[in-house]
Amino acid sequence: MNPRRGSGSATRPGLALVAVVAARCTGCGACFATCPDHALRPGPGRPGGGRPPMVLVDVCTGCAECVEICPSDAIEEVDQ
Ligand code: SF4
Ligand code: SF4
């Protein structure tokens, strides 16, 4: 299974600005609270618990605040 989630952007649909590496996510929730545009939503649950975020591709502006706040380096900027 591909651990990355999220694709697309408001300006370039289909291309991701940030991607979540679900395997690194601890489910701390910091990114949800940090995103100024509410572009992150809990993704599907997974075995062992936790719901890694999914990126709402039409809302994310690519500000990267979630990248900075994540203590697990589970969100990465994606080259365009
Ligand atoms: S801040 Fe990082 S570890 Fe915490 S829920 Fe978001 S992606 Fe997962
Ligand atoms: S890059 Fe910015 S707008 Fe996009 S999900 Fe992260 S905090 Fe939200």
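This text gives an overview of the structure that appears in the document.

Rules used in this analysis
- Residues numbered from 1 in each chain as written.
- Chains lettered and ligands numbered in written order.
- Predicted model: local features only at pLDDT ≥ 70, side-chain atom pairs only at ≥ 80, totals over all residues.
- Near = placed C-beta within 6 Å.
- Nonpolar A, V, L, I, M, F, W, Y, C, P; charged D, E, K, R; others polar.
- Helix = DSSP H or I, 4+ residues; strand = E, 2+ residues; numbered from the N terminus.
- Buried ≥ 20, exposed ≤ 12 C-beta atoms within 10 Å, placed from the backbone.

1. Points about the site of ligand 1
Here's step 1: The environment of ligand 1 is formed by 15 residues, the closest being Cys 25, Cys 28, Ala 30, Cys 31 and Cys 70.
Here's step 2: The residue makeup of the shell around ligand 1, split by class, is eleven nonpolar, four polar and no charged.

2. Comments concerning the site of ligand 2
Here's step 1: Around ligand 2 sit 15 residues in total, of which Cys 35, Ala 39, Cys 60, Cys 63 and Cys 66 are the nearest.
Here's step 2: Among the residues forming the shell around ligand 2, the class breakdown is ten nonpolar, three polar and two charged.

3. A few points about unusual backbone geometry
Glycine aside, a negative phi is what most residues show, and trans is what most peptide bonds show.
Here's step 1: Even without being glycine, His 38 reaches a positive phi, approximately 55°.
Here's step 2: You can see His 38 is positioned in the loop between helix H1 (30–34) and strand S3 (40–42).
Here's step 3: You will see that Ala 64, though not glycine, has its phi angle at about 75°, which is positive.
Here's step 4: Its place among the elements puts Ala 64 in the loop between strand S4 (53–55) and helix H2 (65–69).
Here's step 5: Take Ala 64: there are 14 C-beta atoms within 10 Å of it, and that puts it in the partly exposed class.

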